[in-house]
Amino acid sequence: MTQSPAPRPPMTLLIAAPRGFCAGVDRAIIIVERAIEKYGAPVYVRHEIVHNKFVVDSLKAKGAIFVEELDQVPDGVPVVFSAHGVPKAVPAKAEERGLDYLDATCPLVSKVHRQAERMVTAGRHILFIGHKGHPEVIGTFGQVPEGTMTLIETVEDAEALAPVDAENLAFLTQTTLSVDDTAAIVATLQRRFPSIIAPKGEDICYATSNRQTAVKAIAGRCDAVYVIGAPNSSNSLRLVEVAEREGTPARLIQRADEIDFAWLESVSTLGLTAGASAPEVLVREVVDRIAEHFAVTEEQVETAQETISFKLPRGLEAA
Ligand code: SF4
């Protein structure tokens, strides 16, 4: 006699919306795909086009070759710069070598670059709030002459800062920071340096803040939260922190094979979200894998609708 399988325990999945791909990531991926169509493979890409292994592997399969430095790009082949932006020296070097290059820098990162240039031209020293070593930070520092920008990572940095000219400061931020942490750093700077100039509009981008608001809305109702994203994805890491601050254990996973079912043993409501560089197919993969072990009820919790999209560079628009 065959035994019927044990009933699966119930699990409610609260799925945050918005989640996953933002307009800048969408655009960057399309740029690589269209470049391969236009020029033929291989097309070189400097740095991971967006911080997601699944996306990078899919583009590799289509003919993209990923490198970290321009020196690794042979003469005569096109190169794409990643969504995070690059120091000015990089396109300058590409031009010097006569390389065809396509800039997939997110327009919202480029906006910060232009503000940095304007602030320096106006004679201001910039305090840049961001995470040391992140490619976006390296790219933004590379827009202005050395010594005109100082990195601030924490409230402690903001408290300890001893600027040469406290009356002549401005601040900008990385686009993918924690909204709450950044507000605390900005408040410290504004208290210490009342004449500091703020950026025109918010630098933390709509996608970062919408995803943080959405995960905040579900975290309090969940026993645990999984954020789908890469360990080097700044906005994904921030989503984990936001959920944890709501008092809910949260973990980052890249794919379904990283689900820790022992961790889910006492969980009856699980939150799910995805960073701006994680495609929806990975969210579905995680939901399907969980459904193999639990009787799943899905609930979407939407806190905003996103309709934004960015133009492609000239020459790559759809025919
Ligand atoms: S997270 Fe924001 S800044 Fe980064 S690519 Fe997406 S829209 Fe652009």
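Here the structure is a predicted model, which means the values were calculated and not measured.

## Things to note about the overall build of the protein
Alright, step 1. Helix and strand counts for the protein come out as ten helices and twelve strands.
Alright, step 2. Compactness check: the protein gives a C-alpha radius of gyration of 22 Å against a globular reference of 20 Å for 319 residues, within 12% of the reference.
Alright, step 3. On the principal axes, the C-alpha backbone points of the protein span a range of 80 × 55 × 30 Å.
Alright, step 4. Taken over 319 residues, the protein has a buried fraction of 50%.
Alright, step 5. Counting every atom, the protein has about 14,800 Å² of accessible surface; 52% of that belongs to carbon and sulfur.
Alright, step 6. Averaged over its 31 positive side-chain charges, the protein has a centre that lies 4 Å from the centre of its 43 negative ones.

## Observations regarding the pattern of salt bridges
Alright, step 1. Going through the model one piece at a time under the given rule, you end up with 18 salt bridges.
Alright, step 2. For E241, the salt bridge goes to R238, with nearest N and O atoms at 3.0 Å. One end of the pair, E241, and the other, R238, are both in helix α9 (residues 234-245), three residues apart, so they sit about a helical turn from each other.
Alright, step 3. Take E241: its relative accessible area is 25%, and that puts it in the partly exposed class.
Alright, step 4. Note on R238: relative accessible area 8%, which makes it buried.
Alright, step 5. The partner of D260 in a salt bridge is R251, and the shortest N-O contact between them spans 2.9 Å.
Alright, step 6. For D260, a relative accessible area of 28% puts it in the partly exposed group.

## Thoughts on the site of the ligand
Alright, step 1. Near the ligand the following residues occur: C22, G24, V25, C106, L108, V109, T175, T176, C205, Y206 and A276.
Alright, step 2. Taken together, the elements giving at least two residues each to the shell around the ligand come down to α1 (23-39) and α4 (107-121).

## Notes on the UniProt feature "active site" (unreviewed entry) in the protein
Alright, step 1. The UniProt record annotates "active site" (unreviewed entry) at E136.
Alright, step 2. On the secondary structure map, E136 appears in helix α5 (residues 135-141).
Alright, step 3. Ignoring anything within four residues of it in the chain, the contact list for E136 reads H84, V109, Q174, T175 and T176.

## A few points about the nonpolar core
Alright, step 1. Core analysis: the biggest nonpolar cluster contains 32 residues, and V32, I49, L59 and V80 have the highest contact counts within it.
Alright, step 2. Elements with a contribution of two residues or more to this core: α1, β2 (43-46), α2 (53-62), β3 (64-67), α4 and α8 (206-219).
Alright, step 3. For this core, the leading source of residues is α1, giving eight residues.
Alright, step 4. Looking at this core, you find at least three residues from each of domain 1 (10-21 + 206-302) and domain 2 (23-103).
Alright, step 5. Among all residues touching I49, those that are not within four sequence positions of it are A28, V32, V55, V56, L59, F66, V80, F81, S82, A83, H84 and A104.

## Considering α2
Alright, step 1. Buried within α2 are the following residues: V55, V56 and L59. Viewed end-on, α2 has its buried residues packed into an arc of 95°, placing them on one side of the element. Across α2 from its buried face, at more than 90 degrees, point the exposed residues K53 and A61.
Alright, step 2. Check the buried side of α2 and you find it contacts α1 and β3.
Alright, step 3. The N-cap residue of α2 is N52: its side-chain oxygen and the backbone nitrogen of F54 are 3.0 Å apart.
Alright, step 4. Residue G63 follows α2 closely and has a positive phi angle near 125°.

## Some remarks on the domain arrangement of the protein
Alright, step 1. According to the domain assignment, the protein consists of domain 1 (10-21 + 206-302), domain 2 (23-103) and domain 3 (117-192).
Alright, step 2. Each partner contributes residues to the interface: domain 2 has seven residues there, and domain 3 has eight residues.
Alright, step 3. Across the domain 2 to domain 3 interface the summed buried area is about 570 Å²; carbon plus sulfur atoms make up 58%.
Alright, step 4. For the pair domain 2 and domain 3, the interface holds one salt bridge.
Alright, step 5. Close ionic contact of E117 with K88 constitutes a salt bridge, the shortest N to O distance being 2.2 Å.
Alright, step 6. Summed over the shared surface of domain 2 and domain 3, the result is three residue pairs in polar contact (both at pLDDT 80 or more).

## Re the packing of α8 against α9
Alright, step 1. Axis separation between α8 and α9 bottoms out at 9 Å; the angle between their running directions is 30°. Here α9 runs roughly parallel to α8, going by the angle between their axes. The two elements α8 and α9 cross, and the hand of that crossing is right-handed. Residues T208, R211, Q212, V215, K216 and A219 of α8 touch α9, and the partners they reach there are N235, R238, L239, V242 and A243.

Rules of the game
Each chain carries its own residue numbering, running from 1 in the direction its sequence is written. Whole-chain, interface and lining totals are the exception, using all residues; otherwise, since this is a predicted model, local features are given only for residues with pLDDT of at least 70 and side-chain atom pairs are given and counted only at 80 or more. Side-chain numbers here rest on the full set of heavy atoms in the structure, without hydrogens or water. By the criteria applied, helices consist of DSSP H or I runs no shorter than four residues and strands consist of E runs no shorter than two, each listed in order from the N terminus. Every radius of gyration here is taken over C-alpha atoms, with the globule rule written as 2.2 Å times N^0.38, N being the number of residues. Each residue is assigned to one of three classes by its accessible area relative to the maximum for its type, calculated with a 1.4 Å probe on protein chains only: buried under 20%, partly exposed between the two thresholds, exposed over 50%. Calculation of accessible area relied on Shrake-Rupley with a 1.4 Å probe; when residues are assessed, cover is drawn exclusively from the protein chains displayed. Think of it this way: Lys and Arg go in the positive column, Asp and Glu in the negative one, and His and the chain ends go nowhere. For charged residues, the charge sits on one atom: NZ in Lys, CZ in Arg, CG in Asp, CD in Glu. Should a side-chain nitrogen of Lys or Arg be within 4 Å of a carboxyl oxygen of Asp or Glu, the pair is scored as a salt bridge. Residues are labelled near a given molecule or strand when at least one of their non-hydrogen atoms is within 4 Å of it. UniProt positions are given in the numbering used here, feature names are shortened, and annotations may be inferred rather than shown by experiment. Pairs of residues are marked as contacts when any of their non-hydrogen atoms sit within 4.5 Å. Buried residues of nine kinds, namely Ala, Val, Leu, Ile, Met, Phe, Trp, Tyr and Cys, make up a nonpolar core once their side-chain atoms join them within 4.5 Å. For every domain, the bounds stem from an assignment made automatically or drawn from a database. The directions from the helix axis to the C-beta atoms are what the arc is built from. Counting of polar contacts relies on pairs of N or O atoms within 3.5 Å, with two restrictions inside protein: one atom must be capable of donating a hydrogen and the other of accepting it, and residues adjacent in sequence are counted only when both atoms are side-chain atoms. Buried area: the accessible area, evaluated with a 1.4 Å probe, that two parts lose upon being put together, summed over both parts. Throughout, an axis means a line fitted to C-alpha atoms (over the contacting stretch in the case of helices), and angles, computed between N-to-C directions, take values from 0 to 180 degrees. Angles are sorted into four bins: roughly parallel if under 35 degrees, roughly antiparallel if over 145, roughly perpendicular if 65 to 115, and oblique for all others. Note: crossing handedness is left-handed where the near helix turns anticlockwise from the far helix by less than a right angle, and right-handed where it turns clockwise.

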